[in-house]
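Coordinate inspection notes
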Amino acid sequence: MAVIEVRDVKKSFKVYFDKGQTIKEKLLFSNRRRYEERVILDGISFDIEKGEAVGLVGHNGCGKSTLLKLLTKIIYPDSGNIKITGRISSLLELGAGFHPDMTGRENIYTNASIFGLTRKEIESRIDDIIEFSELEEFIDNPVRTYSSGMYTRLAFSVAINVDADILLVDEILAVGDAAFQAKCFEKMLDIKSKGTTIVIVSHSLSQVEQICGRTVWIDKGKIRMDGSPNEVHPKYLEYMGLKRRNTKTAPKSQEVKEENQEKEFFAEITKAEIIGEDGTASCKYRTGEKVTLKIYYKADPSKLDGVLIGLAFYRSDNLNCYGTNTVRERIDYINLKEQGEITCEIDKLNFVKGSYRLDIAIRSKDMFAYDYKAKAVEFTVYSTIDEVGVAKLDHKWTFD
Amino acid sequence: MQLIRELYMYRTMTVSLVKKDLKGRYKGSVLGFLWTFINPLLQLGVYTLVFQVILKNPMPNYYMHLFVALVPWIFFSSALTTGSKAVLGQANMVKKIYFPREVLPLSYTLSSFVNMALSFIVIFAVYFISPMELKSAPLLMLPVIMIIQLFLVAGVTLITSSLTVYLRDLEHIMSVLNMALMYVSPVVYPVSYIPEKYMSLYLINPMSPVIIAYRDILYCGTFPEFKIVFLAFAESMIIFFAGLLIFGKLKKHFAEEL
């Protein structure tokens, strides 16, 4: 059953060059009120099924946030229609209606009531909200005494505990410290598993990948691609790479065909291999074998300002088994040389038997992928024992 | 119908906005909520001084004559002045989150209403300690008139708050209109000053029948005429539904205009 139906929705904004808001200006200077009709959404249609988690991606100004606002009924489409079944909670604005002089508890009531909760419903949730915010000690202090982190934590806790049928999220997983972020993330997965429909707008493709099973890519007010993140994201990254280069190098007046242009060179992974205990890159390893990952690269150091290296291991059925990057591991941004070699020692390759692949990325500080090598290494793992699952946990048995 | 159901769903929001407004008004001041009572008392003191002691108005207890009209007038004028900013002042909320927009003007009206009701307590207190007497039977009509006025003020607030979003000038026009309307309502003078032939015109001002009724109940101690109550009721309802209609039309573009 589709809980969100969007049919041929169009929306444009009038952008005034010099807008008068007083009577004098409205009457006298009507000729001065020149405006430009800017089309933001140009005929968008899609359905979202109950329980689906969908990511909306697109570059700045492509209309994805406008679409989210249309879904919440903050603004209305010029034509077309939107049908929504069920209660919506949006994480667009955190802490709506917070009053600095009132206590955290009082503000929970105000804020939750703005989401349409009744007093009874709020009372049944308030303990969960307070617990989630980790503000038990401060909950009866006025929120003006809160730090900004505490403030957003409280606001987020209210919004996420509304128990809506549909949750709309706009770039929010950047709340609080790392521990709280992880908690929010878990909560999102938990909400999803309860069958809540989720729509996320995000620039972080990895967030979308982890939560959503579907990505809608919006470009210039239209849907450019709609499919699984695996299909859409590589195309999107490629397009963004081209776009970025165009804005950097080509003057605006020149219209150049994108396809014919060569990629500008920043950095490239030339080769990657995993060397096993026998000293060769055999692509066959034993569970628990000590291996060394070697990444060879070429780069143009003059254009780079510190990069990070990301790794993602997938099983043959596309299960993301393990992912990490140097920033997550609190390693400083790396300065690449013109040509070089990066080594990563893996003490124990603890995958159970099966076929795996490794994706490697070199990314800029804002997560732009200079190079993303999918299937940089493909390998199989064998084991002398017949374990099942994904990873082997080191263990010892003792019998008394 | 849809709107009523939705407003009912968001009733807690309305109540909590009213509470926030009432509590927030005097937050930080030493006397706090007491100001709700002190304010009208001080006003009453000033009027007594000016009209009774200095101007020696011949009308018996003129200060009370004025005060029972002034309290409802202040409630009404709140719709024209600060009430016109009910939506504008919450721009952040309107732009970022969905809720039935009517909640904003309605909760604003309700909090002014509560303020008026509290001021009435001051009136009763003054009656209690002064030698003046108040007949109690007509007081039964007081809640009826208050409800009628509530609808009137809600209607006006709906209109002013939605129009101000599109036309910021309105704020200033309203303060002039506010003053003008006060003098074409029987606030500072008794209604008997108005010549008979202009009376029907005079009663078109929706606040005229309302104030006449209040004064009958709280000053003269008589039941208001049926004609006056009916007129107040009819005018309030027309304005209230016109307000809902206008607001409903204008609310769709609030988020873009703010």
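Throughout what follows, the structure given in this document is the object of discussion. (Residues numbered from 1 in each chain as written. Chains lettered and ligands numbered in written order. Predicted model: local features only at pLDDT ≥ 70, side-chain atom pairs only at ≥ 80, totals over all residues. Heavy atoms only, no water.)

**A few points about a negative patch on the surface**
- Taken together, A:D127, A:D128, A:E131, A:E136 and A:E137 make up a surface patch of like negative charges.
- For A:E136, the position within the fold is in the loop between α4 (119–133) and α5 (148–160). (Patch = residues over 30% accessible without salt bridge, like charges linked within 9 Å, V, L, I, M, F, W, Y side chains within 5 Å. Areas by Shrake-Rupley, 256 points an atom, 1.4 Å probe, with all protein chains shown as cover. Salt bridge = Lys/Arg side-chain N within 4 Å of Asp/Glu carboxyl O. Lys, Arg positive; Asp, Glu negative; His and termini not counted. Charge placed at Lys NZ, Arg CZ, Asp CG, Glu CD. Helix = DSSP H or I, 4+ residues; strand = E, 2+ residues; numbered from the N terminus.)

**Some thoughts on the pattern of salt bridges**
- Under the defined criterion, the tally for this structure stands at 29 salt bridges over all chains.
- Notably, a salt bridge pairs A:D140 with A:R105, separated by 3.0 Å at the nearest N-O pair. In this pair, A:D140 sits in the loop between α4 and α5 while A:R105 sits in helix α3 (residues 104–114), placing the two residues 35 residues apart along the sequence.
- A salt bridge links A:D190 to A:K194; its shortest N-O distance comes to 3.7 Å.
- For A:D190, a relative accessible area of 33% corresponds to the partly exposed category.
- Here the salt bridges share partners, and the residues they tie into one network are A:K11, A:D78 and B:E256. (Buried < 20%, exposed > 50% of the residue type's maximum accessible area, 1.4 Å probe, protein only.)

**Details of the packing of α3(A) against helix α2 (residues 11–25) of chain B**
- It is at 8 Å that the axes of α3(A) and α2(B) come closest, and there the two elements cross at 140°. One finds that α3(A) runs oblique with respect to α2(B). Along this stretch, α3(A) crosses α2(B), giving a crossing that reads as left-handed. Residues A:E106, A:T110, A:S113 and A:I114 of α3(A) pack against B:T12, B:M13, B:S16, B:K20 and B:K23 of α2(B).
- Partitioned by chemical class, the residues of the contact of α3(A) with α2(B) number two nonpolar, four polar and three charged. (Axes fitted to C-alpha atoms, helices over the stretch in contact; angles between N-to-C directions. Parallel < 35°, antiparallel > 145°, perpendicular 65-115°, else oblique. Left-handed = near helix turned anticlockwise from the far one by under 90°. Contact = heavy atoms within 4.5 Å. Nonpolar A, V, L, I, M, F, W, Y, C, P; charged D, E, K, R; others polar.)

**So, the pairing of strand β8 (residues 214–219) of chain A**
Residues and elements named next belong to chain A.
- Of all six residues in β8, six are buried, a share of seventy percent or more.
- As paired elements, strand β3 (residues 53–57) and β8 share four bridges and run parallel to each other. By the bridge assignment, L56 is partnered in β8 with V216.
- Sheet analysis places β8 next to strand β9 (residues 222–227), joined by five bridges and oriented antiparallel. Across the sheet, T215 pairs through a bridge with G227, a residue of β9.
- In this structure, the hairpin formed by β8 and β9 is closed by a connection of two residues, where K220 is found at a positive phi of approximately 50°. (Pairing = 2+ DSSP bridges.)

**Overview of a nonpolar patch on the surface**
Residue and element names in this part refer to chain B.
- A cluster of nonpolar side chains, namely V46, L49, V50, V53, I54 and L55, defines an oily patch on the protein surface of about 530 Å² accessible area.
- Within the secondary structure, V53 sits in helix α3 (residues 35–54).
- Judged by its relative accessible area of 47%, V53 is partly exposed.

**What about the interface of chain A and chain B?**
- In this complex, chain A contributes 33 residues to the contact, which on the side of chain B involves 31 residues.
- Around 2,800 Å² of area is buried between chain A and chain B when both sides are counted, 58% of it from carbon and sulfur atoms.
- Here chain A and chain B share one salt bridge between them.
- For B:E256, the salt bridge goes to A:K11, with nearest N and O atoms at 2.8 Å.
- Linking chain A to chain B there are four residue pairs in polar contact (both at pLDDT 80 or more).
- Elements represented by at least two residues in the side of chain A that touches chain B include exactly β1 (2–16), α1 (23–28), α3 and α4 of chain A.
- Residue contributions to the side of chain A that touches chain B peak at four residues, all from α3(A).
- Residue classes in the side of chain A that touches chain B are distributed as 12 nonpolar, 10 polar and 11 charged. (Buried area = accessible area lost by both parts, 1.4 Å probe. Polar contact = N/O pair within 3.5 Å; in protein donor to acceptor, adjacent residues only side chain to side chain.)

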